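# Commentary on secondary and tertiary structure
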Amino acid sequence: MGSIILITATDNLNGFTQTIRSVFPESQTQICVVHQIRNACKYVVWKDRKEFSADMKHIYTAPTKQAAEAALRDFAEKWESKYSYAIKSWRDNWDELTVFFEFPLEIRKIIYTTNLIENLNGKIRKYTKNKMSFPTDDAVLKSVYLALKEATKNWSMPIQNWGIVLNQFMLIFEERLRL
């Protein structure tokens, strides 16, 4: 049996979502909401940023995708004349930004951001950045292994309500997930 990826969370790098879909066509791809917020805010002047961010929060904290769409309309009505490019980025990426609404709240909290992955990547970079090259592929693997081993020392907090989350995954992906 080949690899199964149920859900991916990406930072929306150019072409990344399309590449994932070509290799794992059944996978659902969620663009990191935190990256979207940062991306939208970089076009907003400092004096508006706090209010803009507070208004934007109504979109990604909405209880349903329909409520999020209504929040985006309200957000756009208020800010589009001033920050149309920031609004455009929400609209252009809407389908991939709202995948998490298809899941129960416990799963949403896990998949709407790539921050955990970025944290782990940072720890791996810490172990590999000072090396200009590695003598062998095995040396790279060993270095990454040591980084992962070090990172897992701090993983003392389990995912909240993991039993519920696992049951939900088993129901949602019943045809594709076997434990």
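An unreviewed UniProt entry annotates the chain as Mutator family transposase of Chryseobacterium taihuense. Entered under Function (unreviewed entry) in the UniProt record, the comment concerning the chain runs "Required for the transposition of the insertion element." In its Sequence similarities (unreviewed entry) section, the UniProt record describing the chain reads: "Belongs to the transposase mutator family."

Turning to the nonpolar core, a few remarks are in order. Ranked by size, the top nonpolar core spans 34 residues in total, and within it Phe52, Met56, Ile59, Phe75 and Trp90 carry the most contacts. Per-element accounting of this core gives the leading share, six residues, to helix α4 (residues 65-79). Dropping the residues within four chain positions of it, Trp90 is found in contact with Gln36, Ala40, Met56, Ile59, Tyr60, Leu72, Phe75 and Leu97.

Relative to strand β2 (residues 28-31), strand β1 (residues 7-10) runs parallel, the two being bridged by four bridges. Across the sheet, residue Thr10 finds its bridge partner in β2, namely Ile31. Each parallel crossover has a hand, and the one from β1 via helix α1 (residues 16-23) to β2 is right-handed.

Moving on, we get to the pattern of salt bridges. Under the counting rule described, the total for this entry stands at nine salt bridges. Note that Glu26 is salt-bridged to Arg176, the shortest N-O span being 3.5 Å. Residue Glu26 is located in the loop between α1 and β2, and its partner Arg176 is located in the segment after α10 (162-172); the two are separated by 150 residues in the primary sequence. Classification of Glu26 as exposed rests on a relative accessible area of 54%. By relative accessible area, which is 18% here, Arg176 ends up buried.

Following the criterion strictly, the structure yields nine aromatic pairs and no others. Where Phe103 meets Phe173, the ring centres are 6.1 Å apart and the plane angle is 35°; that geometry is what we call tilted. Placement of the pair is Phe103 in the loop between α6 (94-97) and α7 (105-111) and Phe173 in the segment after α10, with a sequence separation of 70 residues. Look at Phe103 and you get buried, because its relative accessible area is 4%. By relative accessible area, Phe173 is classed as buried at 6%. Ring-pair connections join several aromatic residues into one group, and the members of that group are Phe52, Phe75, Trp79 and Tyr83.

Among the residues making up α10, those that are buried are Val165, Gln168 and Phe169. The buried residues of α10 all sit within an arc of 100° when viewed along its axis, so they share a single face. Residues of α10 that are buried make contact with β1 and α7.

Conventions we followed
- Residue positions within a chain follow its written sequence, with the count starting from 1.
- Per-residue local features of the predicted model are confined to residues with pLDDT of at least 70, and side-chain atom pairs are confined, for both listing and counting, to 80 or more; whole-chain, interface and lining totals are unaffected and use all residues.
- Only hydrogens and water are removed before side-chain values are computed, so all heavy atoms of the structure are retained for them.
- UniProt positions are given in the numbering used here, feature names are shortened, and annotations may be inferred rather than shown by experiment.
- For this analysis, a nonpolar core means a set of buried residues of the types Ala, Val, Leu, Ile, Met, Phe, Trp, Tyr and Cys, connected via side-chain atoms within 4.5 Å.
- Think of it in three bands: residues with accessible area under 20% of the maximum for their type are buried, residues over 50% are exposed, and the middle band is partly exposed, with areas taken using a 1.4 Å probe on protein chains only.
- Under the DSSP-based scheme used, a helix requires at least four consecutive residues in state H or I and a strand at least two consecutive residues in state E, with every element numbered from the N terminus.
- Throughout, a residue-residue contact means that at least one pair of heavy atoms, one from each residue, lies within 4.5 Å.
- DSSP-based pairing: two strands are paired if at least 2 bridges between them are found.
- Consider the strands pointing away from the viewer: the crossover is right-handed when the path from the first strand over the helix to the second runs clockwise.
- Salt bridge, as used here, is a side-chain nitrogen of Lys or Arg placed within 4 Å of a carboxyl oxygen of Asp or Glu.
- Any Phe, Tyr or Trp ring, taking Trp's six-membered ring, that has another such ring centre within 6.5 Å forms a pair; planes under 30 degrees apart are called stacked, those over 60 apart edge-to-face, and the others tilted.
- The directions from the helix axis to the C-beta atoms form the arc being described.

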